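Here is how the chains run, residue by residue.
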Amino acid sequence: MWDLASALLRGLQTGSIYAIVGLGLNVIFAATGVFNFAQGELVMVGAMLGVTLWAAAGLPLGLALVVVVLATAAIGALTEVFAVRRLSSQRDATLWMLSTLGVAIIIRSSATLLATRNGGQNAQRSFPNYIKAGPWHLGQLSVVPQRAVLIPIAVLLTLAVWTWFRRARWGRGLLAMAADREGAAMRGLPVGSLAVVAFALGGLIAGFGGFVGGPVTQASTEMGFTLTLSAFIAATIGGIPHLWGPLVGGAVLGIGQQLTATYLGSELQVPISLALLLVVLAVRPQGVLGREVRTL
Amino acid sequence: MIRRWMTALVAVGLVAGAAACSGPSDGTSASAGASAGSGTSNTDPIVIGVLLPTSGPLAGTSTVYTSIVKALGTSALPGTSTIDGRKVKVVLRDDQGTAAGTASALRQLLDGDKAEAIIGPLYTGEATAALPLIKQANILSIAMTGCPDCGDGTKFPTTFSIESDRPSQMTSTLDRMAQVGAKKVAMLQSDDPTGQAYGDAFAAAAKAKGVDIVKTVHFAPGALDLGTQAAQLKSSGADAVYLATAVPTDVANAAKALKEAQYEPYMFGNAAAAVTVVAEAAGPEWSTKWAASGYGKNTTRPNPAPQAAAYGKKVASISGEAALAAPINLSAGILDGFNLIKRAVEGTHSTDGTKLAAWLVKNGYPDGIKANYTFTDTRHNGMRAEVQALVQPGTLEGGIPLRAGESG
């Protein structure tokens, strides 16, 4: 029983990271119809810049987090302006796929150059815990606060974004654009600016995820792709572009991985994750939440 | 106008991508007229190809080598600008940390760059993929890994390795486990080719020594939470754990998970367990219970060899790193590889792989930086058990805290 409880808790914790990264993907895709392949690199920037500012340079945690999310939001906005804007309206999706892939490579290469400019090992950093408390024990269940805190963070972040979309003027504008981009433009909504806002919000979420998840993922200039892949699987399982989809999909994926590791063997984690995705696509191609809400 | 900007940006991205994936990164200024084989003119530059993973999941581990690769052939590293009177041109290509990427990059080095000798790759899977091409081209290659076939002079007569072979590395590790009084041994193994290779070698060495591995636990490379694995290892009651992986961030994640499980056994691994990111994750107290193999005695503290101390100062002046820190030990292998090539070419006045191999077997490299290398016709791993050391993460202090060959 304790093994099962531990697997469920660990799955939710890991799934929360997938959920945060997947939320950024969904926000951008819902509003603009573009899948930003550079999103994972912004997570990497969040982790690398975060560990540099906070752990190495000694900035206060909150200030470092603000600087990180502003930086990644800015990179997200610039990505829309320079790499996506003129291409996303084309019918051929390969154009924005290529351009966002190009941005991903530029970000990763630049980060590697910066991190290793003295020939050292700074392309990989150990991200210290920002919650120092040791494990709590509930029977045989060990709860690590630094990992457990990711669950409420992911839920509250999703709730905040969901609320912003419904209450804030810019959020409602994005909803309108998601429903009918041309119609929104005809009614005078600044769809170009709204797209920038969507990418900036996606970048902000990615940077936030890289920072708050850093103690679990560690920081490495090569971490972006793998994390994006898992987040994409989570978002697909939960339902693209549903805002709550990544949270549900992340939980399903994370728990599936941990149950596999506990009862079947860790060597089966990757195949079973992908099998899980295939099953969901076969049974509910729209994802777990896809039918109830078609858009945001 | 904006369309042009878009086109330009996409083009820049693609060019950067191509560069990251397979493009060369010359360590020296370009030299025209490079040529291959034994029919080269003495006035042509001699092209030394280097294979490192500068992209992909293993890219971070190659950064410690690149400052030295870039300094080869320049005045920053005296003695490397010429070989046998010919100017040196170093061409670095990205093997992407995969067998397919290695084959592609090596083919470019051989056919496009006309490389006459090769340094690298770093890892087992990539080095194994390079072996048939090297053999076919009959050129000298110095692998940075102790992969089984890299040291098999019978199968691949022109490939040598600056590393120890796995059996002697694992024997040193098991000897140290015995010295610290470990009663139960477990293994944490990554499900990738290098993890598999290290795991197999450790299991074989343990069996040969009559050591029972009480538990072997696997993990997927890049897994975010190794808590389940940590719990399984803890419940096995092992007081020493061998880490079979070459990815430092995975080692760091394992260290965090084991600490969270409040389980801090003696930890053993290869060079990936010795880097700073692992020391940061393990913390200063537990680091003293870690030992990473694959190191040469010459560069370890407290008594580094004079040539290693001098090299440490030189690298510190090039890259700004602290002298004789763990990365310097690793990068010393690149310069040792270069010097093996240089000495053999100058000893034979040829770039023919067969002649160079025969010269190396006869002469070895008794004053290498990382270690003193000796070879035989059949055994091309240059670092023997007696010149190996185990070190703590983040330092070059002897691991736990003795060095191989020293009594407990």
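Bear in mind that the values here come from a model prediction, so they are computed numbers and not experimental data. (Residues numbered from 1 in each chain as written. Chains lettered and ligands numbered in written order. Predicted model: local features only at pLDDT ≥ 70, side-chain atom pairs only at ≥ 80, totals over all residues. Heavy atoms only, no water.)

Q: Explain the packing of helix H7 (residues 169-179) of chain A against helix H9 (residues 191-212) of chain A here, please?
A: In helix packing, the relevant descriptors are the interaxial angle and the interaxial distance, both defined with respect to the helix axes. Residue and element names in this part refer to chain A. Two elements in contact, H7 and H9, have axes separated by 10 Å at closest approach and are oriented at 105 degrees. Classed by the angle they form, the pair H7 and H9 counts as roughly perpendicular. Contacts from Trp-170, Gly-173, Leu-174 and Met-177 of H7 reach H9 at Val-191, Ser-193, Leu-194, Ala-195, Val-197 and Ala-198. Residue composition of the contact of H7 with H9, by class: eight nonpolar, two polar and no charged. (Axes fitted to C-alpha atoms, helices over the stretch in contact; angles between N-to-C directions. Helix = DSSP H or I, 4+ residues; strand = E, 2+ residues; numbered from the N terminus. Parallel < 35°, antiparallel > 145°, perpendicular 65-115°, else oblique. Contact = heavy atoms within 4.5 Å. Nonpolar A, V, L, I, M, F, W, Y, C, P; charged D, E, K, R; others polar.)

Q: Teacher, can you tell me more about the pairing of strand S11 (residues 266-269) of chain B here?
A: The two faces of a sheet get side chains in turn, since along a regular strand they alternate between them. Residues and elements named next belong to chain B. As judged from the three bridges shared by strand S10 (residues 240-244) and S11, these two strands associate in the parallel manner. Its bridge partner lying in S11, Val-241 is registered against Met-267. Remark: the S10/helix H8 (residues 248-260)/S11 crossover connection has right-handed handedness. Bridge count between S11 and strand S12 (residues 290-296): three bridges; the pairing is parallel. By the bridge assignment, Phe-268 is partnered in S12 with Ala-291. (Pairing = 2+ DSSP bridges. Right-handed = clockwise from strand over helix to strand, strands pointing away.)

Q: For this particular structure, what's the right way to read the environment of Met1(A)?
A: Among the secondary structure elements, Met1(A) is positioned in the segment before helix H1 (2-32). With 140 residues separating them along the chain, Met1(A) and Leu141(A) place their C-alpha atoms 9.7 Å apart.

Q: Please clarify how the pairing of S12(B) should be interpreted in this entry.
A: Residues and elements named next belong to chain B. Buried residues dominate S12, accounting for seven of its seven residues. Handedness of the β-α-β unit built from S11, helix H9 (residues 276-287) and S12 comes out right-handed. Judged from the three bridges that link them, S12 and strand S13 (residues 388-391) form a sheet pairing that is antiparallel. Paired with Tyr-295 across the bridge in S13 is Ala-389. (Buried < 20%, exposed > 50% of the residue type's maximum accessible area, 1.4 Å probe, protein only.)

Q: What's the story with the nonpolar core in this structure? I'm lost.
A: Looking at soluble globular proteins, one finds that nonpolar side chains tend to be buried together. If you look at the biggest cluster of nonpolar residues, it comprises 70 residues, and the most contacted ones within it are Val27(A), Val161(A) and Ile205(A). By residue number, the principal contributor to this core is H9(A), which donates eleven residues. Not counting residues up to four positions away in its chain, the partners in contact with Ile205(A) are Ile20(A), Leu23(A), Gly24(A), Val27(A), Leu157(A) and Val161(A). Of all hydrophobic cores here, the second largest spans 50 residues; its members include Leu140(B), Phe160(B), Leu356(B) and Leu360(B). (Core = buried A, V, L, I, M, F, W, Y, C linked by side-chain atoms within 4.5 Å.)

Q: How should the state of the cysteines be read in this particular structure?
A: In protein chemistry, a disulfide is the covalent bond that joins the sulfur atoms of two cysteines. Residue and element names in this part refer to chain B. One pass over the structure, following the stated rule, counts one disulfide over all chains. Between the sulfur of Cys-147 and that of Cys-150 lies a disulfide, 2.0 Å long from S to S. The sign of the S-S torsion, about 80 degrees, decides the handedness of the disulfide formed by Cys-147 and Cys-150: right-handed. On the accessibility criterion, Cys-147 (0% relative accessible area) is buried. Judged by its relative accessible area of 0%, Cys-150 falls in the buried class. (Disulfide = S-S within 2.5 Å.)

Q: Please explain the pattern of salt bridges as it appears in this structure.
A: Where charged atoms from two side chains of opposite charge approach closely, those side chains can pair. Summed over the entire model, instances satisfying the criterion amount to 15 salt bridges over all chains. In this structure, the salt-bridge partner of Lys209(B) is Asp175(B), at a minimum N-O distance of 2.9 Å. With Lys209(B) in the loop between helix H6 (193-208) and strand S9 (213-219) and Asp175(B) in helix H5 (residues 166-179), this pair connects stretches of sequence that are 34 residues apart. Residue Lys209(B) is classed as partly exposed on the basis of its relative accessible area, which comes to 41%. The partner of Arg343(B) in a salt bridge is Asp367(B), and the shortest N-O contact between them spans 3.6 Å. Taken as a pair, Arg343(B) in helix H11 (residues 326-348) and Asp367(B) in the loop between helix H12 (353-363) and S13 lie far apart in primary sequence, 24 residues in all. Through salt bridges that share partners, Arg10(A), Arg147(A), Asp225(B) and Glu260(B) make up one connected network. (Salt bridge = Lys/Arg side-chain N within 4 Å of Asp/Glu carboxyl O.)

Q: I tried to follow the packing of aromatic side chains on my own but got confused; where do I start?
A: Ring pairs (aromatic) are described by centroid distance and by the angle formed between their planes. For the structure shown, the criterion picks out ten aromatic pairs over all chains. A centroid spacing of 4.9 Å and a plane angle of 75 degrees characterise the contact between Phe35(A) and Phe37(A), whose relative ring orientation is edge-to-face. With a relative accessible area of 12%, Phe35(A) lands in the buried category. Ring centres of Phe202(B) and Tyr242(B) lie 4.3 Å apart, and the angle between their planes is 5 degrees; on these two criteria the pair is classed as stacked. Here Tyr242(B) lies in strand S10 and Phe202(B) lies in helix H6, a separation of 40 residues in the sequence. Here Phe202(B) and Tyr242(B) have matching classes, each one buried. Pairwise contacts between aromatic rings join Phe35(A), Phe37(A) and Phe232(A) into one cluster. (Phe/Tyr/Trp six-rings, centres within 6.5 Å; stacked < 30°, edge-to-face > 60°.)

Q: Teacher, can you tell me more about the sheet that holds S12(B) here?
A: In a beta sheet, neighbouring strands are held together by backbone hydrogen bonds and run either parallel or antiparallel to one another. Residues and elements named next belong to chain B. Taking strand neighbours across the sheet as the criterion, the six strands line up as S9-S8-S10-S11-S12-S13 in an open arrangement whose pairing is mixed. Of all the strands in the sheet, just S9 and S13 have a single pairing partner and so form its edges. When strand polarity is set aside, the average angle formed by the axes of neighbouring strands in this sheet is 25 degrees. Helix H7 (residues 227-236) contacts strand S8 (185-190), S9 and S10 of the sheet and is inclined by roughly 180 degrees relative to S9.

Q: How should a nonpolar patch on the surface be read in this particular structure?
A: Residues and elements named next belong to chain A. A contiguous nonpolar patch, built from Leu-4, Leu-8, Tyr-263, Leu-264 and Leu-268 and spanning about 450 Å² of accessible area, is present on the exposed surface. Going through the elements one at a time, H1 and helix H12 (245-264) are the ones with two or more residues in the nonpolar patch. By the element assignment, Leu-8 lies in helix H1. (Patch = residues over 30% accessible without salt bridge, like charges linked within 9 Å, V, L, I, M, F, W, Y side chains within 5 Å. Areas by Shrake-Rupley, 256 points an atom, 1.4 Å probe, with all protein chains shown as cover.)

Q: Would you explain unusual backbone geometry in this entry?
A: For residues that are not glycine, phi is negative in most cases, and the peptide bond is trans in most cases. Ile240(A) connects to Pro241(A) through a cis peptide bond whose omega is 5 degrees. Assignment of secondary structure puts Pro241(A) in the loop between helix H11 (223-238) and H12. The peptide bond linking Gly120(B) to Pro121(B) adopts the cis configuration, its omega dihedral lying at -10 degrees. Even without glycine at this site, Lys114(B) takes up a positive phi of about 55 degrees. Of note, Lys114(B) is situated in the loop between helix H3 (99-112) and strand S5 (117-119).

Q: Would you mind going over helix H6 (residues 150-167) of chain A with me for this structure?
A: Owing to its 3.6 residues per turn, the α-helix aligns residues three or four sequence positions apart on the same side. Residues and elements named next belong to chain A. Over its 18 residues, H6 extends 25 Å from the first C-alpha to the last, a length consistent with the 26 Å expected when each residue adds 1.5 Å. Inspection of H6 places Leu-150, Ile-153, Ala-154, Leu-157, Thr-158, Val-161 and Phe-165 among the buried residues, and these make up the whole buried set. Down the axis of H6, the buried side of the element spans an arc of 125 degrees, and every buried residue falls inside it. Turned more than 90 degrees off the buried face of H6, the exposed positions are Leu-156 and Arg-167. (Expected span 1.5 Å × (residues − 1). Arc of directions from axis to C-beta.)

Q: What am I meant to see in empty space enclosed by the protein here?
A: Think of a ball as big as a water molecule: rolled over the atoms, this probe shows where empty space is left. All names here are of chain B. Scanning the entire structure with this criterion turns up four cavities of 30 Å³ or more. Computed from the structure, the second largest cavity encloses a volume of approximately 60 Å³. Lining the second largest cavity are 13 residues, and of these Gly-120, Pro-121, Ala-130, Ile-134 and Ser-141 sit closest to its centre. Taken together, the residues of the lining of the second largest cavity sort by class into ten nonpolar, three polar and no charged. (1 Å grid on protein atoms, 1.4 Å probe; cavity = no way out; pocket = protein on both sides within 12 Å on 5 of 7 lines; lining within 4 Å. Points joined across faces, edges and corners; volume = space filled by probe spheres on them.)

Q: Help me understand the confidence of the model for chain B in this model?
A: Detailed conclusions should not be drawn from predicted coordinates in areas where pLDDT is low. Residue and element names in this part refer to chain B. With 83% of its residues at a pLDDT of at least 70, chain B reaches an overall mean of 83. Predicted confidence is poor over residues 5-23, with pLDDT under 50, and the contacts of this stretch with residues over four places away or in other chains come to 31 contacts. Note on residues 401-408: pLDDT under 50 across the span, and 21 contacts to partners over four residues away in sequence or across chains. (pLDDT = per-residue confidence, 0-100.)

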